[in-house]
Every structure is written in C-alpha cells, then in structure tokens.
Amino acid sequence: MLLLKGSEVANNLKNDLVKLSDELKIKNQNPALGVIRVGNNESDSSYLKGISKKFQELNIKINLFEFPEDITQNNFNSEFDKINLNNNIHGILMFRPLPKNLNDEYARKNINPLKDVDCMGYINLAKLFAGEKCFYPCTPAGIIEILKFYNIDLTGLNVVIIGRSLVIGKPLAMMLLKYNATVTICHSKTKNLNTICKNSDLIITAAGHANLINKSFVNENSIIIDAGINFYNNKLCGDVNFQEVSEIVKSITPVPGGVGSVTTSILAKNLLNACSALI
C-alpha cells in the first residue's frame, strides 16, 4: 500500500510559494487573507490552524473576522461588504456551510472575483464550469496536485466522488473531466454506494461522515483520496476507516497529513497571485 502523503506534495510546492512571497516583498506588497467564520465549527478550527501555520511560514497576514452563530442575515451581508471592499484584504475565504439561519447567496453574488481565492462566487464558478481561467477551489485543486505528484494518470480512470457540494464535489468533477477521467458523483441518497465504489478505480470522498468507507467499498486496486474532516472520539479523522481499508487498497491519503496540508498551500498560492493581480 502506498501512502499518499500531502506533506510531500506541499513541500514540492513550497519553493514556488516562497518565490512568489519574496517577489511581493521586493515590491513592498503585503498579502493579506480575510477569513470569515460564523460560529464555532470544529472542522473550521482544524482548517484555520493549518492555514495559520502555512501562512506564518510565508509571512502572509491573516485577518480573522468572527461572527456569532445568531448574527442576522442583514448584519452578515453588511459585514461581508466591508471585508469585500477593504483594499488591504487581497483574498477572502469564508468557512462553509454557514449556520442554518444564514445563506451564502449574497456573498456568492457579490464577492470580488479577484479576491475569490476559493472559487466561492458565481462568476468564478461559471468560469470553472466553462473551462476558463480562474482561481480554482482550494480543496479540489489540492486533490489534483496530489494525483499529479504521485503520477496517477486520470485518463479514462473510473472516478467516484462522494459528495455533491459546490465546495468540493461539483467543481472537482469538472476539473477531473479536464483530465479525461470518467466521473460519477454520489451522495447520501445514492443506492448501492459500496458496490459503485468497489467497481471504481479512484474514490474521492468529501461526505463529512466518519468511517463511511469500509472494506466493502474497496478492492486491491482502489486509490483513495479522503477529503473528509470529522471528529470521532475527540480525534480528527476523515471519511475512511483507515485501519480497515489501508490493509486492502493500492494507495490512500491519511487524515490528518493528506489533502488538508495541500489545500492550505493552494490557498496560499491563490492569495499570493491575487495580491499580484495574477490569475
């Protein structure tokens, strides 16, 4: 079994990130990311910790905007406008999903596409689905980087994505199609999910369901990319029962130490490019 370590992929990207950061320093430009967080979701805390560590290494400033879970929609929209119009903020990351009392439609419609470093807004999403140049969403782009780094040829590969969100599942499907993969999107209502997965070449899961993927989902040639972030028995884990599945499959990403560490590198890259006005 080959362990697909995200740390190795992130290290491979580091030189380019340092170069971009140094070029901005020479120009007296100070890249800054605005992070919007509503409530206190545990998975957001884990991602934020990873971002902070990565950005500190690259001398990138993080401005954290935290709001209570019971903030009204009007107040949230007003606060979003302030961040969006702040010239000292070069990129915006909004943790999603928002609490159930809020919707993200206003933010999606109004975010400056030049600051949309996680491809949240409708403009960049439309460009992504049309195959045009834009900031790619960080987690899907991180997954692609892992597959490229480990020389996994996607051409003709039968890929199953578990999760249909606009954060990972749907944009990732479009990105995989560009590499000539054959893509099936599954979700919580999919029948015979384990059979579909077992007959695939590559499983990418972002369901947010600890231990969803067990040995009945895989075969000895399965490649597993686990993009799930869950807390089970007070420990960070993915969607895959790693101990059970890793004994069978061809290759797999760990959690932690897999997709997340590459995602933060992609976010840094997008932010540095946004500061440089390069897309």
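Each remark here, short or long, concerns the structure printed above.
Everything quoted here is computed from the prediction, not taken from an experiment.

Undergrad: Would you mind showing me how to read the overall build of the chain here?
TA: Counting its secondary structure elements, the chain contains 10 helices and 11 strands. Over its C-alpha atoms the chain spans a radius of gyration of 18 Å, differing by no more than 12% from the 19 Å that the globule rule assigns to 279 residues. Overall, the C-alpha framework of the chain stretches about 50 × 40 × 40 Å when taken along its three principal axes. Counting over 279 residues, the chain shows a buried share of 49%. Taking the contacts inside the chain whose residues are at least 6 apart along the sequence as the reference set, 70% of them involve residues at least 24 apart. Carbon and sulfur atoms form 48% of the exposed surface of the chain, whose accessible area is close to 13,700 Å². Here the chain carries 29 positive and 25 negative side-chain charges, and the mean point of each set is 2 Å from the other.

Undergrad: I tried to follow the sheet that holds strand β11 (residues 251-252) on my own but got confused; where do I start?
TA: Across a sheet, strands are paired by hydrogen bonds formed along the backbone, either parallel or antiparallel in direction. Pairing is parallel across the open sheet formed by 6 strands, whose spatial order is β1-β11-β8-β7-β5-β6. Either end of the sheet is taken by a strand with one partner, and the two such strands are β1 (2-3) and β6 (182-186). Across 4 bridges, the pairing between strand β5 (residues 158-162) and strand β7 (residues 202-205) is parallel. Residue pairing in the sheet places Ile161 in a bridge with Ile204 of β7.

Undergrad: Hey, could you run me through the side chain of Ser246 in this one?
TA: Structurally, Ser246 is set in the loop between α9 (242-245) and β11. Among the polar contacts made by the side chain of Ser246, one reaches the main-chain carbonyl oxygen of Phe242 at a distance of 2.7 Å. Each residue touching Ser246, except ones within four places of it in the same chain, is listed here: Met1 and Ile252.

Undergrad: Quick question: what am I supposed to make of the environment of Gly131 here?
TA: Relative to the elements of secondary structure, Gly131 occurs in the loop between α5 (122-130) and α6 (138-149). In this structure the C-alpha to C-alpha distance between Gly131 and Lys178, which are 47 residues apart in sequence, comes to 8.0 Å.

Undergrad: What is the right way to look at the pairing of strand β4 (residues 91-94) in this model?
TA: Along a regular strand, successive side chains alternate from one face of the sheet to the other. Here β4 shows two buried faces, one formed by Gly91 and Leu93 and the other by Ile92 and Met94. Summarising the sheet, strand β2 (residues 32-38) and β4 pair through 4 bridges and their orientation is parallel. Across the sheet, the residue bridging to Leu33 is Gly91, located in β4.

Undergrad: Hey, could you run me through the sheet that holds strand β3 (residues 61-67) in this one?
TA: What the 3 strands build is an open sheet, ordered β3-β2-β4; its pairing is parallel. If you trace the sheet from one side to the other, it starts and ends with β3 and β4, each paired once. Between one strand and the next, the sheet's axes are offset by a mean angle of 20°, whatever the strand orientation.

Undergrad: Please clarify how the state of the cysteines should be interpreted in this entry.
TA: Simply put, the disulfide is a covalent bond whose two ends are the sulfur atoms of two cysteines. Counted under the stated rule, the structure contains 0 disulfides. The thiol of Cys197 is unpaired, and the distance to the nearest cysteine sulfur, on Cys186, comes to 5.7 Å.

Undergrad: How should I be thinking about the nonpolar core in this particular structure?
TA: In summary, soluble globular proteins display a tendency toward joint burial of nonpolar side chains. Grouped together as the largest cluster of nonpolar side chains are 54 residues, with contacts concentrated most on Leu33, Leu154, Val159, Leu176, Leu202, Ile225 and Leu267. In terms of residue count, the dominant contributor to this core is helix α10 (residues 259-275) (9 residues).

Undergrad: In this structure, what is going on with the pattern of salt bridges? I would like to understand it.
TA: In a structure, side chains of opposite charge can pair up when their charged atoms sit close to one another. What the rule picks out here adds up to 7 salt bridges. One salt bridge connects Lys109 with Glu105, and the closest N-O pair in it is separated by 3.2 Å. Taken as a pair, Lys109 and Glu105 lie in helix α4 (residues 105-110) at a separation of 4 residues, close to a single helical turn. Of the residues examined, Lys109 reaches a relative accessible area of 54% and is grouped as exposed. On the basis of relative accessibility, which here comes to 37%, the residue Glu105 falls in the partly exposed class. The closest approach of N and O atoms between Lys148 and Glu145, which form a salt bridge, is 3.9 Å. A residue pair is termed a helical-turn pair when its members lie 3 or 4 positions apart in one helix, as Lys148 and Glu145 do in helix α6 at 3 residues.

Undergrad: Could you clarify how one ought to interpret α6 in this entry?
TA: Residues that lie three or four places apart on an α-helix share one face, since the helix turns once every 3.6 residues. With 12 residues, α6 extends 16 Å between its outermost C-alpha atoms, agreeing within 8% with the 16 Å of an ideal straight helix rising 1.5 Å per residue. Buried residues dominate α6, accounting for 10 of its 12 residues. Its buried side turned inward, α6 meets α1 (6-26), α2 (42-57), α7 (169-178), β7, β8 (223-226) and α10. Looking one or two places after α6, you find Asn151, whose phi comes out positive at around 55°.

Undergrad: Explanation requested: the side chain of Asp118 in the structure shown.
TA: Looking at where Asp118 falls in the secondary structure, it is placed in the loop between α4 and α5. A polar atom in the side chain of Asp118 sits 3.5 Å from the side chain of Arg96. In terms of polar contacts, Asp118 uses its side chain to reach the backbone amide nitrogen of Cys138, at 2.8 Å. For Asp118, the residues in contact, after removing those within four places along its chain, are Ile92, Leu93, Arg96, Pro137 and Cys138.

Rules used in this analysis
Once a new chain begins, its residue numbering starts again from 1 and follows that chain's sequence as written. Only residues with pLDDT of 70 or above have their local features reported here, since the model is predicted, and side-chain atom pairs are shown and tallied only from 80 upward, although totals for entire chains, interfaces and linings are computed over all residues. Neither water nor hydrogens contribute to the side-chain values; these are computed over all heavy atoms in the structure. Think of it this way: any DSSP run of H or I at least four residues long counts as a helix, any run of E at least two long counts as a strand, and we number them from the N terminus. This radius of gyration counts C-alpha atoms alone. The globule rule is 2.2 Å times how many residues there are, raised to the power 0.38. The cut-offs for exposure are 20% and 50% of the maximum accessible area for each residue type, with area from a 1.4 Å probe on protein chains only; residues under the lower value are buried, those over the upper are exposed, and the others partly exposed. Only heavy atoms enter the contact rule, under which two residues are in contact if any of them lie within 4.5 Å. What sets the accessible areas is the Shrake-Rupley method with a 1.4 Å probe; for residues, cover comes only from the shown protein chains. This count recognises Lys and Arg as positive and Asp and Glu as negative, with His and chain-terminal groups excluded. Here the site of a charge means atom NZ of a Lys, CZ of an Arg, CG of an Asp or CD of a Glu. Should DSSP find at least two bridges between two strands, the strands are regarded as paired. The definition of a polar contact used here is a pair of N or O atoms within 3.5 Å, where within protein one atom must be able to donate a hydrogen and the other to accept one, and adjacent residues in sequence count solely through side-chain atom pairs. A fitted line through C-alpha atoms serves as each axis, taken over the contacting stretch for helices, and the angle formed by two N-to-C directions is quoted from 0 to 180°. Here, a disulfide means two cysteine sulfur atoms that sit within 2.5 Å of each other. To qualify as a nonpolar core, a set must consist of buried Ala, Val, Leu, Ile, Met, Phe, Trp, Tyr and Cys residues joined through side-chain atoms within 4.5 Å. Every case where a carboxyl oxygen of Asp or Glu lies within 4 Å of a side-chain nitrogen of Lys or Arg is listed as a salt bridge. The span you would expect from a helix comes to 1.5 Å times its residue count less one.

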